[in-house]
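Results of the structural survey
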Amino acid sequence: MFFDEVAIGIVTMLLVTLVHLMATYVLIDHTDPYENLLAHHPRFRLMVALVVANVVLLAAHLVEVGIWAVVYAQKGLVVHHEDAYYSAFVNYTALGYGDSLQQTTTRLIGPMTAGSGIMMFGWTTALLFQVIQRHLPEVRRPPRKRPAHRDEPAQGVVEQEATGAASSPKVTS
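Predicted model, so just to flag it, every value in this text is computed and none were measured.

Moving on, we get to the overall build of the chain. Across its full length, the chain holds 4 helices and 0 strands. The helix and strand sequence of the chain, counted from the amino end, reads α-α-α-α. Counting every position in the chain, which comprises 173 residues, the buried fraction comes to 29%. Long-range contacts, defined here as pairs at least 24 residues apart, represent 71% of the contacts in the chain between residues at least 6 apart. Only carbon and sulfur atoms are counted for the fraction: they give 64% of the accessible area of the chain, which is about 12,300 Å².

The next thing to look at is unusual backbone geometry. Positioned with a positive phi, Ala94 is a non-glycine residue whose angle comes to about 60°. Note that Ala94 resides in the loop between helix 3 (84-92) and helix 4 (109-139). Look at Ala94 and you get partly exposed, because its relative accessible area is 43%.

A few words on the nonpolar core. Counting residues in each nonpolar core, the largest one holds 27 residues, and the members touching the most others are Leu57, Trp68, Tyr72, Ala84, Ala88 and Ile109. Sorting the residues of this core by element identifies helix 1 (2-31), helix 2 (42-74), helix 3 and helix 4 as the ones contributing at least two each. Per-element accounting of this core gives the leading share, 11 residues, to helix 2. Contacts of Ile109, omitting those with residues within four sequence positions, involve Glu5, Ile8, Gly9, Trp68, Val71, Tyr72 and Leu77.

The next point concerns the packing of aromatic side chains. For the structure shown, the criterion picks out 3 aromatic pairs. Summarising the aromatic geometry, the rings of Phe2 and Phe3 are spaced 5.3 Å apart at their centres and angled 80° between planes, so their arrangement reads as edge-to-face. Here the aromatic rings of Tyr85 and Phe89 are separated by 5.7 Å at their centres, their planes lie at 80°, and the arrangement is edge-to-face. Here Tyr85 pairs with Phe89, and both are found in helix 3, just 4 residues apart, close to one helical turn.

The next point concerns a nonpolar patch on the surface. Nonpolar side chains collect at one region of the surface, where Phe44, Met47, Val48, Val51, Val52 and Val55 lie side by side and expose about 500 Å² of accessible area between them. Among the secondary structure elements, Met47 is positioned in helix 2.

We now examine the packing of helix 3 against helix 4. Across the interface, helix 3 lies against helix 4 with an axial gap of 7 Å and an inter-helix angle of 60°. When the axes of helix 3 and helix 4 are compared, the pair comes out oblique. Residues Ala88, Asn91 and Tyr92 of helix 3 form the contact with helix 4, whose own contacting residues are Gly110, Thr113, Ala114, Ser116, Gly117, Ile118, Met120 and Phe121. When its residues are assigned to classes, the contact of helix 3 with helix 4 shows 6 nonpolar, 5 polar and no charged.

What counts and what doesn't
Residues numbered from 1 in each chain as written. Predicted model: local features only at pLDDT ≥ 70, side-chain atom pairs only at ≥ 80, totals over all residues. Heavy atoms only, no water. Helix = DSSP H or I, 4+ residues; strand = E, 2+ residues; numbered from the N terminus. Buried < 20%, exposed > 50% of the residue type's maximum accessible area, 1.4 Å probe, protein only. Contact = heavy atoms within 4.5 Å. Areas by Shrake-Rupley, 256 points an atom, 1.4 Å probe, with all protein chains shown as cover. Core = buried A, V, L, I, M, F, W, Y, C linked by side-chain atoms within 4.5 Å. Phe/Tyr/Trp six-rings, centres within 6.5 Å; stacked < 30°, edge-to-face > 60°. Patch = residues over 30% accessible without salt bridge, like charges linked within 9 Å, V, L, I, M, F, W, Y side chains within 5 Å. Salt bridge = Lys/Arg side-chain N within 4 Å of Asp/Glu carboxyl O. Axes fitted to C-alpha atoms, helices over the stretch in contact; angles between N-to-C directions. Parallel < 35°, antiparallel > 145°, perpendicular 65-115°, else oblique. Nonpolar A, V, L, I, M, F, W, Y, C, P; charged D, E, K, R; others polar.

Dropping the structure here:
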């Protein structure tokens, strides 16, 4: 029984991983050709990129929950087949059962669903950070010049080190 549950969980997790990988490829393949589309509007481009990434990744998560729901229905983990998607979603998001009355004939499928969801949400977070990092440098405005701080030497003044020699010039970019 234990090894059957683990095997089912591993196979399902692999399927879920493949779905998320396909979503990642969709994002890569369909965002690169439009790199220059909104070149003069970097903020709008970042917004569009984040919305598209969120929609694609949400669709992937919904499909992944559906895969787990099939397992829940086939293994008889819910009384009514209509509750399989809800129960799988509750576990996938690691919320716990709450108001879900699940017939538990196995103890490992639920935690494996939660582990799968946690991994996929982590992957999603990494992809969203990648989108932000890719577009953010173009969005940022050049830094404003700020007045010198009291502790900073005025321009043209050379500091001396404790040895009496002049310090190396400061390099600013």
